[in-house]
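Structural overview for review
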Amino acid sequence: MAAPESEEFILEKLYEYGERLSESKDKTQNESDYMGIIAVAKGSSKAKQLSAQLIPRYFKFFPNYSSQAINAQLDLCEEDELGIRVQAIRGLPLLCKDTPVHLPKIADVLGQLLLAEEGLERDAVQKALMSVLRQDTKASLTALFKHIENSDENIRERVLIFVREKVFPLKNELLHPQEEMERHITDLIKKSLQDVTGAEFKMFMDFLKSLSLFGDKAPPERVQELLEIVEGQADLDAQFTITDTDHIDRLMSCLNMALPFYARGASNSKFFNYINKHLLPVFDKLPEERKVDLLKNLAESSPFTSAQDARSLLPSIVTLIKKYVPRKKTSEELNFTYVECLLYVFHQLAHKAPNMTNSLCGYKIVTGQPSDRLGEDFTEFFKDFVERLTLVEEQAKATNKRLAQGMTEHHKAMAAAKDDAAKADVKVKKQTTSSGLQTCNNILTLTQPLHSKAPTFFGEKKSFSLSWAKPVATQQLNATGSKRTASAANGAGAASGGGKRAKGGDTSSQNQLVNRALASLSRGGRATQVRGGGRSGWRGGRSRGRHW
């Protein structure tokens, strides 16, 4: 017989406790055996491994000792020896399988244990968490999202990864009953959005859009709910400061994220009123890339503007048109991307509030309302506006001619290209030039009807493709979400060519013509990506302050 207190003796006692519990018809009568198992959990390595199996196995029969049992099991999860930790972690779901009152605590602990560095241990934690989630999805998600909302930064990040990679893909399996659980996880996500990075916000929004709750058949009020989440992230109730580049970046990303919701019936009024009040008056002071982002967002959103908002916004748009389309030719090149955006927005807003253009541009549009102001003389306004339109048409035609010449040279260069790298280089140049041609053609299409005293404005039902609406290589962000290079941003990079020769002879002089044409075509692609995942400065004064 083994000596008392020896490892062999302790293991023998453990096996005895386990056998008696296994054979007992009324296990509640075996309290001393279960307490013996808990006590031995502080013994040798082998005793700890065996206790890690036995404590969860008989846990449900001894509710009076639940606290001691859970604490003993959690202590085993922190042992130095990997095998003991893994065994203890695997037993955690059993502690709440038949006693759901303990599930929130177990889910909370498993969320913390996601910090495990060992692959075997981390796998055990993830499997245990999935087991707990399947037992009670609602309570488990609530516990996990508390880590996302308030936890240590490292734990928060691990929980986010788990939710993204393990929970979201199984939403159809886990979220039942569907409507109740989709609403529950939506509410959890909303609470977690007080302090997130741009990448995290996009992840959550993509998931919400995938739910049936907000699917294609969702009523308008649910689409509006999604938009309000985006509006909240954009801080539309905050005072705008031109030096707050983080807020500007976030605002541009949120503007773009909101676009699909307008087509589904949500209102863009709050965004447009904020832009009109805070951004358009200081448009010149915005970073160059953000100017392009803002105008492109306005253009894509404008078909969904209400008549009331159109009336409020039109004066600001006309002011910008006059700023960027001079009445007389100057030494400065026109920014054709600005012009395309502004003219398109002008058409859309004027279509909603046509007689507003009478006092702004000198038109004679009759609606029968006092706001027609037909008794007033706005002849000088009309003359001014038409002169600006004529100037932009002349420059668009001249630029079109240069770009067309450049496209001919690109075709020759493609025929002369001897390897894939050279062909890829020419292809990018062709795409940039093609986009430039479309921008100029769009401008000519937009200006043509505006020469009439009572023009017909393009509305949302008019078939019209904005020049950036289709993929263009120089406008795309790379796969890591990095910003474009400076050459891609201003459109020159794709046409510079580095003095390459084609079979037709030296193309450098022709490239200079194309460069000049492209220099006036701001290529600033939209910053649809959310930035970074950095952990500092995202929201000054809020919680951890995550960066977009």
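Residues numbered from 1 in each chain as written. Predicted model: local features only at pLDDT ≥ 70, side-chain atom pairs only at ≥ 80, totals over all residues. Heavy atoms only, no water.

Put simply, the rule is: UniProt positions are given in the numbering used here, feature names are shortened, and annotations may be inferred rather than shown by experiment.
Per an unreviewed UniProt entry, the recorded name for the chain is Apoptosis inhibitor 5, and the organism is Marchantia polymorpha. UniProt annotates the chain under Sequence similarities (unreviewed entry) with the comment "Belongs to the API5 family."

Observations regarding the overall build of the chain
Stated precisely, the cut-off is as follows: Strands are runs of DSSP state E lasting at least two residues, helices are runs of H or I lasting at least four, and both sets are numbered from the N terminus onward. For every residue, the accessible area (1.4 Å probe, protein chains only) is compared with the maximum for its type, and the residue is labelled buried under 20%, exposed over 50%, or partly exposed between those bounds. Each accessible area is a Shrake-Rupley estimate made with a 1.4 Å probe; only the visible protein chains count as cover when residues are assessed.
Helices and strands together make up the secondary structure of the chain, namely 25 helices and 2 strands. Here the chain holds 548 residues, and the buried ones make up 52% of them. Taken as a whole, the chain presents about 25,100 Å² of accessible surface, with 50% of it coming from carbon and sulfur.

Focus on the packing of aromatic side chains
Operational definition: Planes of paired rings set the category: under 30 degrees apart is stacked, over 60 is edge-to-face and the rest tilted, where pairs are Phe, Tyr or Trp rings (Trp by its six-membered ring) whose centres lie within 6.5 Å.
Within this structure, the stated rule accounts for 16 aromatic pairs. Judged by centre distance (6.3 Å) and plane angle (40°), the ring pair of Phe145 and Phe204 falls under tilted. Of the two residues, Phe145 is situated in helix α9 (residues 137-150) and Phe204 in helix α13 (residues 198-210); the sequence distance between them amounts to 59 residues. Consider the rings of Phe346 and Phe457, whose centres lie 5.9 Å apart with planes at 85°: the pair is edge-to-face. A residue pair is termed long-range when its members are at least 10 positions apart, and Phe346 in helix α19 (residues 336-352) and Phe457 in the loop between α22 (420-447) and α23 (486-490) qualify at 111 residues. Exposure remark for Phe346: the relative accessible area of 0% places this residue in the buried category.

Topic: the pattern of salt bridges
Definition in use: Salt bridge criterion: a side-chain nitrogen from Lys or Arg within 4 Å of a carboxyl oxygen from Asp or Glu.
What the rule picks out here adds up to 35 salt bridges. For Glu289, the salt bridge goes to Arg290, with nearest N and O atoms at 3.8 Å. Residue classification places Arg290 among the buried residues on the basis of a relative accessible area of 3%. Among the charged side chains, a network of salt bridges with common partners joins Arg327, Lys328, Glu380, Asp384, Glu387 and Arg388.

So, the packing of helix α2 (residues 31-40) against helix α3 (residues 45-57)
Defined as follows: Fitted lines through C-alpha atoms give the axes, limited to the stretch in contact for helices. The angle between two N-to-C directions lies from 0 to 180 degrees. Put simply, angles under 35 degrees are roughly parallel, angles over 145 are roughly antiparallel, angles from 65 to 115 are roughly perpendicular, and the rest are oblique. By convention, the crossing between two helices is left-handed when the near helix turns anticlockwise from the far helix through less than a right angle, and right-handed when the turn is clockwise. Contacts were defined at the residue level, with two residues in contact if any of their heavy atoms lie within 4.5 Å.
At a closest axis distance of 8 Å, the pairing of α2 and α3 adopts a crossing angle of 140°. Taken as axis vectors, α2 and α3 run oblique relative to one another. The element α2 and its partner α3 pack so that their crossing is left-handed. Facing Tyr34, Ile37, Ile38 and Val40 of α2, the residues of α3 in contact are Ala47, Ser51, Leu54 and Ile55.

Some remarks on helix α1 (residues 7-23)
In plain terms, the rule: Multiplying 1.5 Å by the residue count of a helix minus one yields the expected span of that helix.
Under the 1.5 Å per step criterion, the end-to-end length of α1 is 24 Å for 17 residues, consistent within 8% with the ideal 24 Å. Taken as a whole, α1 has its buried residues at Phe9, Ile10, Leu11, Leu14, Tyr17, Gly18 and Leu21. On its buried face, α1 is in contact with α2 and α3.

Here's the deal with the nonpolar core
Quick reminder of the rule: What we call a nonpolar core is a set of buried Ala, Val, Leu, Ile, Met, Phe, Trp, Tyr and Cys residues that are connected through their side-chain atoms within 4.5 Å.
Leu110, Phe204, Phe271, Leu294 and Phe346 are the most contacted members of the largest nonpolar core, which has 153 residues in total. Tallying contributions element by element places α19 first for this core, with 11 residues.

As for the environment of Met205
Position of Met205 relative to the elements: it lies in helix α13. Residue classification places Met205 among the buried residues on the basis of a relative accessible area of 1%. Spatially, the C-alpha atoms of Met205 and Ile189 are 9.1 Å apart, while their sequence positions differ by 16 residues. In this view, Met205 contacts Leu226, Ile229, Val230, Met257 and Phe261; residues no more than four positions away in its chain are not counted.

Overview of unusual backbone geometry
A cis geometry characterises the amide bond from His176 onward to Pro177, with omega recorded as -5°. Of note, the phi angle at Asp235 is positive, near 55°, even though the residue is not glycine. Here Asp235 shows up in the loop between α14 (220-233) and α15 (245-263). On the basis of relative accessibility, which here comes to 16%, the residue Asp235 falls in the buried class. For Arg373, which is not glycine, the phi torsion reads 55° and is therefore positive. Mapped onto the elements, Arg373 comes out in the loop between α20 (356-361) and α21 (379-416).

Focus: the environment of Met257
Within the element layout of this structure, Met257 appears in helix α15. Since its relative accessible area comes to 11%, Met257 is described here as buried. Measuring from C-alpha to C-alpha, the distance between Met257 and Lys202 comes to 8.4 Å, with 55 residues separating the pair along the chain.

Re the confidence of the model for the chain
Which entries qualify depends on this criterion: The predictor attaches a confidence to each residue, and that confidence, scored 0 to 100, is pLDDT.
Scored by pLDDT, the chain has a mean of 86; 85% of the residues are at 70 or more. Here residues 520-544 scores under 50 on pLDDT; set against residues more than four positions off or in separate chains, the count is 119 contacts.

Points about helix α17 (residues 288-301)
Along its 14 residues, α17 runs 20 Å from first to last C-alpha, staying within 8% of the 20 Å computed at 1.5 Å per residue. Every buried residue of α17 is listed here: Arg290, Lys291, Val292, Asp293, Leu294, Leu295, Lys296, Asn297, Leu298, Ala299 and Ser301. Next to the buried residues of α17 lie α15, α16 (269-279), α18 (307-324) and α19.

Structural notes on the environment of Gly406
One can find Gly406 in helix α21. Given a relative accessible area of 0%, Gly406 falls into the buried group. C-alpha of Gly406 to C-alpha of Lys429: the two residues are 23 residues apart in sequence and 9.3 Å apart in space.

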